[in-house]
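Fold and contact review
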Amino acid sequence: MCATKWENATDFILDAYFDTGQLKYLFFIIILCLYIIILLGNLLLIVVICMNKSLHEPMYLFLCSLFVNQLYGSSGLFPFLLVQILSDIHTISASFCFLQIFYVFSYGNVELFTLAIMSYDRYLAICNPLQYNTRMTVNKAVIFIALTWLYPFLAVTVMISLSAPLQLCGNIINKLYCDNYSIVKLACSDTTVNNIYGLIYTFITVFGLLFLICYTYIKILKICFSGSKQTRQKAISTCSPHLASLINFCFGGCFEILQSRFNMTSVPDVLRIFLSLYFLTCQPLFNPVVYGLNFSYFILGAYFDIGNLKYLFFMIVLCLYIVIIFANLLLIVVICMNRSLHEPMYLFLCSLFVNELFGSSGLFPFLLVQILSDIHIVSASFCFLQIFWVYAYGNVEFLTLAIMSYDRYVAICHPLHYNSRMTSNKVAILIALTWLCPFLSVVVMISLSAPLQLCGNIIDKVYCDNYPVVRLACSDTSVNNIYGIIYIFTVIFSLVILNFFSYIKILKICFSGSKQTRQKALSTCSPHLASLVNFSFGCFFEVLQSRFNMKNIPIMLRIFLSLYFLTCPPLFNPLVYGLNVSKIRIICKNLLLRNM
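Conventions we followed
Residues numbered from 1 in each chain as written. Predicted model: local features only at pLDDT ≥ 70, side-chain atom pairs only at ≥ 80, totals over all residues. Heavy atoms only, no water. Helix = DSSP H or I, 4+ residues; strand = E, 2+ residues; numbered from the N terminus. Buried < 20%, exposed > 50% of the residue type's maximum accessible area, 1.4 Å probe, protein only. Contact = heavy atoms within 4.5 Å. Pairing = 2+ DSSP bridges. Disulfide = S-S within 2.5 Å.

**Thoughts on the side chain of Ser449**
Mapped onto the secondary structure, Ser449 falls in helix H16 (residues 424–449). Ser449 sits in the buried class, given a relative accessible area of 2%. Those residues in contact with Ser449 that lie beyond four places of it in its chain are Phe384, Asn466, Val470 and Asn480.

**Considerations on the sheet that holds strand S3 (residues 172–173)**
The 3 strands are arranged S2-S1-S3 in an open sheet whose pairing can be described as mixed. Edge positions in the sheet fall to strand S2 (91–93) and S3, since each has one partner strand and no second. Pairing geometry for strand S1 (residues 11–14) and S3, over 2 bridges, is parallel. In the sheet register, Leu14 faces S3, and the bridge partner there is Ile173.

**Re the state of the cysteines**
Scanning all chains against the criterion turns up 4 disulfides. One disulfide bridge connects Cys383 with Cys464, the sulfur atoms lying 2.2 Å from each other. The S-S bond linking Cys383 to Cys464 shows a torsion near -120°; that makes this disulfide left-handed. Within this pair, whereas Cys383 is found in helix H14 (residues 380–413), its partner Cys464 is found in the loop between strand S6 (458–459) and helix H17 (466–471), the two being separated by 81 residues in sequence. Judged by relative accessible area, Cys383 falls into the buried class, the value being 0%. Cysteine Cys50 is unpaired, with the sulfur of Cys64 as its nearest cysteine sulfur at 4.0 Å.

Rendered as structure tokens:
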């Protein structure tokens, strides 16, 4: 039995916050900008749908409900986050904690219900088009929308009424915001009723909705494969935004469930914080961009007919993807599970490997589908999602490599000051910045590109890229160009200077120091330098292809060079660091031999 009990806790301590010093003002500005973008993006589309009678159809009414829910969900998190970032005491009253639980859980449930109803709506429109107007009337759509709000609200109210009376043995929640399961875990009293209710709700409601979504898309896919080319194009253009939104939400929801149910203390704090905020921030940011586009799809002009060789290319790309997933996941697990590797250099490496999984997952599944497909089109929403994925990956990779070069500079040139300069808090802040800043900058870039009026829809590449989309514009692109130039000069060039500065200082120490100093510098810097050169090489070719006419170069060489920076670093980096960094090499070797 617990020594101390709280029959009704007056307040809870949010333990995931840590001291960021003066950087808290930077985080405040970033979060505030994200919240403003979410408010403007969702409000704009709500107003557009409400004010235009031509959009008073079931599909658009469901979208309007989705955007309202995203305003509702983000308003339950962002104002609270902004206050907590500036505060020195991270406590929350019990009443406000349960209010926030209501906000977060009802947002998640309404989102899943709405996406499930939208998948059923698309199923009717594509599989039963002649019966659509009788089956999905405006009145029925209004009833469905009412149910997607009322049922989750009732379910969450019951859940909180079971959690609130529990006797608690503590008041520390290891998250940035309140979560029901974290409170139930603090209970001294019996939680059987809570667990049974959670299981019943999960199996009846959540699995029921997921089954409905899977059923509708199986039927849609069946129609696509058996129907005409025109039917497939219609299905892709109408379903892709919804499917992209659904995958994005499930991705975030999956990580949130993993964090709540399993012990994740071995995972770096910054990664845990990012994943816990993903489904509450990315969905409200992502959906307005996905659904608010003026072109329904793009044609990828770089693909050509290769006959039965497509099956060989499919197998090659699939094998590459499996190797990338296995190699990067292995090193992430090794770093997370071994406390001896919870040092700055290895935490930066872990962030690098996570980014490589993130980047390759934005390309390889898409490539595999396109290789086997006869129609090489991509919906506008999915195209901008892929642009976000690719550009975020590239920016995070470059920022991480720049921070790693600075880390090596401090370790070699100022070894006595290393532990005071590279504390765990500073490392966590640096990793957070390497993800937050690129995500924000890419969101701004896409928000400038998405509203452009386009004069065509053919992109001469095997995947989506921002610059070819901007080149298709009929409207003025001065703002896009100015933003790109400012970003290159302020961010990219400053990172290049940081890399050069670090290595000039390291080389100076190598030439003036002892043989032992040179050996240490070479052993720790060589993998990073090789990784930096490899990534820069790929980026250089990608920039050349985007900005200059490369039609004189053979198409296979152009395709290979455009894919280089998205495929070679995720393949190359785990090999380089796994073989050259002694601590990682020894632990990997022991792990693999033990399993054999």
